[in-house]
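Secondary and tertiary structure notes
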2 protein chains.
Amino acid sequence: MAARPGEFALIERYFRPLASDPAALALADDAAVYRPRAGEELVLTTDLVAAGVHFFPDDPPDLIARKALRVNLSDLAAKGAEAVGYLLALALPGDWTEPWIRRFTGGLAADQQRYGISLLGGDTSRACGGLTIAITALGRVPKGKAVHRSGAKPGDVVFVSGTIGDGALGLRVRSGALSPAVGAARYLRNRYLVPEPRVALAPVVRRFASSAMDVSDGLVGDLAHICDASNVAATVGSSRVPLSPAARAAVAADPALLSLVVNGGDDYEILATVPAKSAPAFVAAAAAAGVPVSAIGTIAKGHGPPVVLDESGRPLALATSSHVHF
Amino acid sequence: MAARPGEFALIERYFRPLASDPAALALADDAAVYRPRAGEELVLTTDLVAAGVHFFPDDPPDLIARKALRVNLSDLAAKGAEAVGYLLALALPGDWTEPWIRRFTGGLAADQQRYGISLLGGDTSRACGGLTIAITALGRVPKGKAVHRSGAKPGDVVFVSGTIGDGALGLRVRSGALSPAVGAARYLRNRYLVPEPRVALAPVVRRFASSAMDVSDGLVGDLAHICDASNVAATVGSSRVPLSPAARAAVAADPALLSLVVNGGDDYEILATVPAKSAPAFVAAAAAAGVPVSAIGTIAKGHGPPVVLDESGRPLALATSSHVHF
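Residues numbered from 1 in each chain as written. Chains lettered and ligands numbered in written order. Predicted model: local features only at pLDDT ≥ 70, side-chain atom pairs only at ≥ 80, totals over all residues.

**Brief notes about the pairing of strand β4 (residues 118-126) of chain A**
Burial analysis of β4(A) places 7 of its 9 residues in the buried class, which makes it a mostly covered element. Taken together, strand β3 (residues 82-92) of chain A, helix α3 (residues 98-115) of chain A and β4(A) constitute a β-α-β crossover, and its handedness is right-handed. (Buried ≥ 20, exposed ≤ 12 C-beta atoms within 10 Å, placed from the backbone. Helix = DSSP H or I, 4+ residues; strand = E, 2+ residues; numbered from the N terminus. Right-handed = clockwise from strand over helix to strand, strands pointing away.)

**Focus on unusual backbone geometry**
A positive phi angle is found at Y268(A), which is not glycine, with a value near 55°. With respect to the secondary-structure elements, Y268(A) resides in the loop between α9 (257-263) and β9 (270-274).

**Brief notes about the sheet that holds strand β2 (residues 40-50) of chain A**
Across the sheet, 5 strands lie side by side as β4(A)-β3(A)-β5(A)-β2(A)-β1(B); this open sheet has mixed pairing. Edge positions in the open sheet fall to β4 of chain A together with β1 (32-34) of chain B, since each of these has one partner strand only. Taken over all neighbouring pairs, the strand axes of this sheet differ in orientation by 20° on average, direction set aside. Against the sheet, helix α2 (residues 61-78) of chain A engages β2, β3 and β5 (132-142) of chain A, with an angle of about 30° to β5(A). (Pairing = 2+ DSSP bridges. Axes fitted to C-alpha atoms, helices over the stretch in contact; angles between N-to-C directions. Contact = placed C-beta atoms within 7 Å.)

**Regarding the packing of helix α4 (residues 166-174) of chain A against helix α5 (residues 182-193) of chain A**
All names here are of chain A. Look at α4 against α5: their axes get within 7 Å of each other, and the N-to-C directions meet at 110°. One element, α4, and the other, α5, form an angle in the roughly perpendicular class. Facing α4, whose interface residues are D166, G167, L169, G170, L171, V173 and R174, α5 presents A185, L188, R189, R191 and Y192. Its residues assigned to classes, the contact of α4 with α5 comprises 6 nonpolar, 2 polar and 4 charged. (Parallel < 35°, antiparallel > 145°, perpendicular 65-115°, else oblique. Nonpolar A, V, L, I, M, F, W, Y, C, P; charged D, E, K, R; others polar.)

**Considering the relation of the copies chain B and chain A**
By a simple turn and slide, chain B fits onto chain A: the slide is 0.0 Å along the axis, the RMSD is 0.0 Å, and the turn is 180°. The transformation just described matches what one would write down for a two-fold rotation axis. Of every C-alpha in chain B, the one belonging to G129(B) sits nearest the axis of rotation, 2.0 Å from it. When the interface residues of chain B are mapped onto chain A, 98% of them again lie at the interface, so the same face is used by both copies. (Least-squares fit on C-alpha atoms with pLDDT ≥ 70 in both.)

**Notes on the sheet that holds strand β3 (residues 82-92) of chain B**
Within the open sheet, the 5 strands sit side by side as β1(A)-β2(B)-β5(B)-β3(B)-β4(B). Their pairing is mixed. A strand with exactly one partner marks an edge of an open sheet, and here the two such strands are β1 (32-34) of chain A together with β4 (118-126) of chain B. Looking at each pair of strands side by side, their axes are set apart by 20° on average, direction ignored. Strand contacts of helix α2 (residues 61-78) of chain B: β2 (40-50), β3 and β5 (132-142) of chain B, with the helix running at about 30° to β5(B), the strand carrying the most contacts.

**Considerations on the nonpolar core**
Core analysis: the biggest nonpolar cluster contains 224 residues, and V205(A) and V205(B) have the highest contact counts within it. Setting aside residues up to four positions removed in sequence, V205(B) forms contacts with A78(B), G80(B), V147(B), A212(B), I270(B) and A272(B). (Core = buried A, V, L, I, M, F, W, Y, C linked by C-beta atoms within 7 Å.)

**Here we look at the environment of A26(B)**
Within the element layout of this structure, A26(B) appears in the loop between α1 (7-15) and β1. Between the C-alpha atom of A26(B) and that of F208(B), which follows or precedes it by 182 residues, the distance is 38 Å.

**So, the domain arrangement of chain A**
Residue and element names in this part refer to chain A. One can read the domain layout of chain A as domain 1 (7-142) and domain 2 (157-309). Counting from both sides, the interface comprises 18 residues of domain 1 and, opposite them, 17 residues of domain 2. Looking at the side of domain 1 that touches domain 2, the elements that each hand over two or more residues are α2 and β3. Here the element with the most residues in the side of domain 1 that touches domain 2 is α2; it accounts for 10 residues. Among the residues forming the side of domain 1 that touches domain 2, the class breakdown is 10 nonpolar, 2 polar and 6 charged. (Domains from an automatic or database assignment.)

**A short note on the packing of helix α1 (residues 7-15) of chain A against α3(A)**
All names here are of chain A. Running from amino to carboxyl end, α1 crosses α3 at an angle of 40°, the nearest separation of the two axes being 10 Å. Taken together, the axes of α1 and α3 are oblique relative to one another. In this structure, the crossing between α1 and α3 has a hand that is right-handed. Listed contacts from α3 to L10, Y14 and F15 of α1 are I101, R102 and T105. (Left-handed = near helix turned anticlockwise from the far one by under 90°.)

Take a look at the structure:
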């Protein structure tokens, strides 16, 4: 086996080049020091992903890195925050190799450039099992402007960005449980491996949404979180849930997959409620930001899990338990 | 096996009570929102600990929790920062039990009260191996007042808080490789299991130190980091390194243990350099804060690893490689 760099050489060679923000102190200190701008609040979120739980150990290392980072950026965007940077705690299995690290950090570098962010700090350790990655992301938002889960009001329109279900279907493709046509398989698998955090939607969410969160545990389950936090009820039209052509074809071939689509999770789209009078302006601003959004339902008085209606307005009997990595 | 709570019940029952700071939004959202006070900077640090690497899987759960938290608080204190709170990413092995979680979160609760901090956010997941804990701590410091590794100047006095070597000796005791008298064994093991972050020293470090860091990888290796970052050299008098009575007895019985003491790590004491003219005031202020500090050496022009001198001023031949959890 080729000699591997020690911890300090590893940091020097692969992680220091990622620490472009002055707050990172070039990773030459014990901590990052971030100077807030006047009038801003900090938004902090953390997500841990582990081999065999959230990704396959043999997934491409650059894509593992990008997904671990992007699920955090998705949380920031849903709060209306602009991403600043992140801290990375990395537990490496005994058989890590330098080429693997090079590809992993290459994935981080590509996404840092794409999203205009920097590594701010980190910790590298031996894992007691498989690869484990904990990322804490830092974002900023004008004071008092963070968007919470708790602001939905009866009459608000429920919106979701992009398309729903691709991640859950892509996981099925990745694990061999679903075999669509080649093009659809590639599309779905890619959506599972590399979600697209809707960072461009953050200022639009901040301006118009009464509540928002990102869809990670499943559309229906996450809307239930908004209903819980806001003390409201919701209805969703199943035919209004936006599907990609690949997801649409999969559900047409096997209608039972609709439940997976709305409950499966791993979407990393933004779920937002918007007052009805602002809905057209929200749609226009989202389009101007390059992010498609779809109105999928309505907030109502009451409580309980969201009701999903079929095309004739009858409640669908869908399993409503959300996807929990646990 | 008794039924275990699901992820949401677990958060509700055990983690939400820890989220006392308004910034945590009662863990009912996707992120924490922290409002900086005027004139403050944020200090961020992350540390990951894993079963079998940093602790024994059968260590008491409350002590595992406290150590995971305290190693981060130690980093903040060494930068002169006051701790605000932390985010916790927790990967649980398949065999976790509710009583274990109760004791683990009980340890966090005790230390939150002790240090006046709050859980701000987190993520709970299944581990792909043993228990893995990644904590990101948030601290605050007046603008421009964070203490870095890079400020040591020739002529500065090298100080260290508390006593050195107890953690490394305690790990030997814990693993059965060292068997001192019962009282000493208990003391050393406890120092390994539950380090004491020197949070009371933070304002003193901020006021007087030209550079500082916490001793986690070993006194000599960490002083080498300060020398590297500051582009200076250092000498340390081995007889001036403060030892507890238990460590003193262990080294008296086996002089070879001196190398373990100064290189072993897991001390979580503060290593600081102070201009000679401020040294008496630094000692007095540290005493007033309730933290003993010892002058152990001097910063000089030059570069290279610190030189450790014996009582007659001759360089000791000690292994200088520091302890790396890797």
